[in-house]
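# An overview of the molecular structure
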Amino acid sequence: MTALHAEEAATPAPLPQSMVERMTLIMDAFTGRSTRLTLEDVARRTHLPRSTAHRILDQLVRLDWLDHTSSGYSLGKRALGLGGRDGGHGEIREAAAPLLHRLQIRTGMVVHLAVLDGAEVYYLDKVGGRFALSVPTRVGGRAPAHFTALGKAMLAWLEPEQVEALIDGHISRLTNRTIGDIGTLHQELNRIRQRRGLAFERGERFPGISCVAAAVRGHEGPVAGISLVGDARTPLEQVAPLVADAARQVSLALFPGLASQRRARALHRVADETWSSGPMNRLLAVAQNGDWL
């Protein structure tokens, strides 16, 4: 028996029944826009035989779902933007990319970048090393906005009528901590504004996972959101200022003239305040009082 056949015979898990399932396994192995995997990485993450993984990878590359260079495979233009169209999000990704990596290195947590798309958040990027595999999100994935810190951070900067037009009728509960009605959502969005735009999520979508997020704001309101993700024990209050600062920097990179307008002055003033003991104590008091669900 050849080494290749021995490897296939030793695969512990049975192969998925269909090609679509196998392709999905491989695509899900790429947890973020910047993820780059070798053939061996893909085979290990999917438990597919190396020869099977190689054959499917070749097809995905030919169809532009993946790119392949000498350093490995990465998400292709179809996966990132439906046939090369990024929905106008390319500039946001480019502006945010270095800040996402800086956040991940500094905190060791999973970092998300997302935009609001109707009643959902749409994930543009995910950075997080090995821990990213334990967070069941993916680039190109979606989630109801009211389930997530990302969604709530962006909704908080819309007019209440806009929020109701987007969310009302789409609101539902996933866990016993999920916001389940529009009135409670409005209360939470008001608390987020009082917390200088910081939104928290503790078990509202996935039990045992917590997040903190802040919106990237433009001339007309939120254009994206950035979040840090950890487990239920993560001291989110300690990393919250880093998220707020990253969102501010992306805002100013995308909209250099923003600071000259009244909306921009308010954003600049809030984001540039030193996180002294007073503001941090107030933030900690919010946490201790259970002001996020």
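This one's a predicted model, so the numbers in the text were calculated from it and none came from an experiment.

## Some points on the nonpolar core
If you look at the biggest cluster of nonpolar residues, it comprises 32 residues, and the most contacted ones within it are Leu 113, Val 212, Ile 226, Leu 228 and Val 250. Considering every element that reaches this core, the biggest residue donor is helix H10 (residues 236-254), with 10 residues. Among residues more than four places away in sequence, those in contact with Val 212 are Ala 149, Leu 198, Ala 199, Phe 200, Ile 226, Ser 227, Leu 228, Leu 236, Val 239, Ala 240 and Val 243.

## Comments concerning the sheet that holds strand E7 (residues 209-218)
Read across the sheet, six strands follow the order E5-E4-E3-E8-E7-E6 without closing on themselves; strand pairing throughout is antiparallel. At either margin of the open sheet sits one strand with a lone partner, and together these are strand E5 (142-144) and strand E6 (199-202). Neighbour-to-neighbour, the strand axes of the sheet open up by a mean angle of 30°, direction not taken into account. As judged from the five bridges shared by strand E3 (residues 110-117) and strand E8 (residues 221-231), these two strands associate in the antiparallel manner. By the bridge assignment for E8, Ala 114 is matched with Gly 225.

## Here's the deal with the confidence of the model for the protein
Residues at a pLDDT of 70 or more form 77% of the protein, whose mean pLDDT is 79. Overall, residues 1-11 carries pLDDT values under 50, and its contacts beyond four positions in sequence, including any with other chains, amount to nine contacts. pLDDT under 50 marks residues 82-86. Its contacts with residues more than four places away, or in other chains, come to seven contacts.

## As for a negative patch on the surface
Residues Glu 159, Glu 161, Glu 164 and Asp 168 make up a contiguous surface patch of negative charge. Looking at the element boundaries, Asp 168 is found in the loop between helix H8 (160-167) and helix H9 (182-194).

## Here's the deal with the environment of Leu 60
Structurally, Leu 60 is set in helix H4 (residues 50-62). Taking the C-alpha atoms as reference, Leu 60 lies 8.7 Å from Gly 76; in sequence the two are 16 residues apart. If we ignore the near neighbours within four places in the chain, the residues touching Leu 60 are Met 23, Ile 26, Met 27, Trp 65 and Leu 66.

## Some details on empty space enclosed by the protein
Here the structure, examined in full by the defined rule, presents one cavity of 30 Å³ or more. Taken as a whole, the largest cavity holds about 80 Å³ of empty space. Counting residues per element, the ones that place at least two in the lining of the largest cavity are helix H7 (149-155), E7 and E8. Of the residues contributing to the lining of the largest cavity, the split by class is eight nonpolar, four polar and two charged.

Procedures and definitions
- Residues numbered from 1 in each chain as written.
- Predicted model: local features only at pLDDT ≥ 70, side-chain atom pairs only at ≥ 80, totals over all residues.
- Heavy atoms only, no water.
- Core = buried A, V, L, I, M, F, W, Y, C linked by side-chain atoms within 4.5 Å.
- Buried < 20%, exposed > 50% of the residue type's maximum accessible area, 1.4 Å probe, protein only.
- Helix = DSSP H or I, 4+ residues; strand = E, 2+ residues; numbered from the N terminus.
- Contact = heavy atoms within 4.5 Å.
- Pairing = 2+ DSSP bridges.
- Axes fitted to C-alpha atoms, helices over the stretch in contact; angles between N-to-C directions.
- pLDDT = per-residue confidence, 0-100.
- Patch = residues over 30% accessible without salt bridge, like charges linked within 9 Å, V, L, I, M, F, W, Y side chains within 5 Å.
- Areas by Shrake-Rupley, 256 points an atom, 1.4 Å probe, with all protein chains shown as cover.
- Salt bridge = Lys/Arg side-chain N within 4 Å of Asp/Glu carboxyl O.
- Lys, Arg positive; Asp, Glu negative; His and termini not counted.
- Charge placed at Lys NZ, Arg CZ, Asp CG, Glu CD.
- 1 Å grid on protein atoms, 1.4 Å probe; cavity = no way out; pocket = protein on both sides within 12 Å on 5 of 7 lines; lining within 4 Å.
- Points joined across faces, edges and corners; volume = space filled by probe spheres on them.
- Nonpolar A, V, L, I, M, F, W, Y, C, P; charged D, E, K, R; others polar.

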